[in-house]
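Understanding the architecture of this molecule
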Amino acid sequence: MKIVVAGYGQMLSNLVLGAQEAGHRVIGVLRYERTKYNPLILFFKDIFAPGTDFSFIKGLNIYDIKAKSINSEQFKKELLKLNPDILLVGSWSEKLKKETINLPKLAAINCHPSLLPKYRGPNPYARVIMNGEAQSGITLHLIDENYDSGPILLQKTVKISKTETGGTLKNKCCKAARGAIGELLNNMNTEIVIPIQQNEKEATYFGQIGVEDILIDFEKTADEIDCRIRGLRPWQSSYIPHKNVFFKVQSCEITPNNTKYTKAGTIVAKSKNCLSVICGDNKILIFKNAILHGGIRKPLTNFYINTFVKIGDLAF
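Quick summary incoming for the structure in this document. Every value quoted in this text rests on a predicted model; they were computed, and no experiment measured them.

Section: the overall build of the protein
The helix and strand inventory of the protein stands at 11 helices and 13 strands. With respect to the three principal axes, the spread of C-alpha positions in the protein is 70 × 45 × 30 Å. Each of the 316 residues in the protein was classed as buried or not, and the buried ones make up 51%. In the form shown here, the protein has an accessible surface area of approximately 15600 Å², with 54% of it arising from carbon and sulfur atoms. The averaged location of the 29 negative side-chain charges in the protein is 6 Å from the averaged location of its 42 positive side-chain charges.

Description of the state of the cysteines
As enumerated under the stated definition, the model contains zero disulfides in all. The structure places no disulfide on Cys252, whose sulfur is separated from the nearest cysteine sulfur, that of Cys279, by 7.8 Å.

A few points about the side chain of Asp53
The topology assignment puts Asp53 in helix α4 (residues 52-59). Arg31 provides the closest opposite charge to the buried, salt-bridge-free Asp53, at an N-O distance of 7.1 Å. There is a polar contact of 3.1 Å between the side chain of Asp53 and the backbone nitrogen of Gly9. Look past the residues within four positions of Asp53 in its chain and what remains in contact with it is Gly7, Tyr8, Gly9, Leu12 and Arg31.

Description of helix α5 (residues 73-82)
Taken together, the buried positions of α5 are Phe75, Lys76, Glu78, Leu79 and Leu82. Relative to the axis of α5, the buried residues are bounded by an arc of 160 degrees and lie together on one face. Exposed residues pointing more than 90 degrees away from the buried face of α5 are listed as Glu73, Lys77, Leu80 and Lys81. Asn83 occupies a position one or two residues after α5 and carries a positive phi of about 55 degrees.

So, the layout of surface pockets
To find leftover empty space, a probe the size of one water molecule is rolled over the atoms. The calculated volume of the largest pocket comes to roughly 1000 Å³. Breaking the lining of the largest pocket down by element, the ones donating at least two residues are α1 (9-21), β4 (107-112) and α7 (124-130). By residue class, the composition of the lining of the largest pocket is 18 nonpolar, 12 polar and five charged.

A few points about the pairing of strand β3 (residues 86-90)
Across the five residues that make up β3, a large majority, five, are buried. On β3, burial covers both faces: Ile86, Leu88 and Gly90 on one face and Leu87 and Val89 on the other are all buried. Direction of pairing for strand β1 (residues 2-7) relative to β3: parallel, over a ladder of five bridges. Directly across from Val4, in β3, lies its bridge partner Leu87. One ladder, built from five bridges, connects β3 with β4; its direction is parallel. When the bridges of β4 are listed, Leu88 appears paired with Ile109.

Focus on the pattern of salt bridges
A full pass over the atoms with the stated rule returns 16 salt bridges. Salt-bridge contacts for Glu164 lead to Lys172; the nearest nitrogen and oxygen are separated by 2.7 Å. Judged by its relative accessible area of 33%, Lys172 falls in the partly exposed class. Notably, a salt bridge pairs Arg228 with Asp213, separated by 3.4 Å at the nearest N-O pair. Of this pair, Arg228 sits in helix α10 (residues 222-232) while Asp213 sits in helix α9 (residues 211-214), and the two are 15 residues apart along the sequence. Judged by its relative accessible area of 21%, Arg228 falls in the partly exposed class.

Cut-offs and rules
Residues numbered from 1 in each chain as written. Predicted model: local features only at pLDDT ≥ 70, side-chain atom pairs only at ≥ 80, totals over all residues. Heavy atoms only, no water. Helix = DSSP H or I, 4+ residues; strand = E, 2+ residues; numbered from the N terminus. Buried < 20%, exposed > 50% of the residue type's maximum accessible area, 1.4 Å probe, protein only. Areas by Shrake-Rupley, 256 points an atom, 1.4 Å probe, with all protein chains shown as cover. Lys, Arg positive; Asp, Glu negative; His and termini not counted. Charge placed at Lys NZ, Arg CZ, Asp CG, Glu CD. Disulfide = S-S within 2.5 Å. Salt bridge = Lys/Arg side-chain N within 4 Å of Asp/Glu carboxyl O. Polar contact = N/O pair within 3.5 Å; in protein donor to acceptor, adjacent residues only side chain to side chain. Contact = heavy atoms within 4.5 Å. Arc of directions from axis to C-beta. 1 Å grid on protein atoms, 1.4 Å probe; cavity = no way out; pocket = protein on both sides within 12 Å on 5 of 7 lines; lining within 4 Å. Points joined across faces, edges and corners; volume = space filled by probe spheres on them. Nonpolar A, V, L, I, M, F, W, Y, C, P; charged D, E, K, R; others polar. Pairing = 2+ DSSP bridges.

The structure is reproduced here in structure tokens:
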């Protein structure tokens, strides 16, 4: 089958490779950079500072589709010219319009990195870990005019380890997508694939990461806070407030509370780039690589901890 892929980053490359490894032809790629940059700026960027997506598709000698949007007249004309069997989408934030969805001969298919209908939305890698889930996965589904709601064609489950981060889960899901897309395309070639409607009663949606997600709430349990920190890594740090400043952290260690303090949010120990704070379940989280937020303040972290942080202070 002839495939056109629209996507970004690891998901883009794995979908392309998965289709090729299964014996199908990727005849064009619309990379997400096209939606972000002025065409002239992107022209020079591709010459002097090419991105990984551009280098990837050029290395495979795949046609680089020039269109500002997946719903643009430019892209629709390209699809009519290329006449693909499948439009395959991965890591793409634009909602597809009906005219675009109907252009490929067989189907427009999206790869969403969760087990739909759970975890619709833009940040499933982070959200499933932040919510303490034991598993996630990828869903290949038909695209309709809403986000992540089309009938399911194939799903693959991925286990979430106790030390999983958003970044490592992304790696797992993209690898799963590579095998799954080849399996689906081959199934579509040899048998009838029956789409399964999503159960809207089971659907959950999580939006963009907000301030409430990155600011640590020590009323929560140590495990809950650890999950939130790991889910956001490596894209987003978490923050510990102290008076009028914030400490930026990306990892922590859970230990029992053997101090005289019991109130959640109490700072019970400090050292070089390190703070220990009580959580809502009376366990302690040790943050070993805390740094002051702000480029100018960062070198002053240890001075601030030694001078202004007192044992017994509250982290809020």
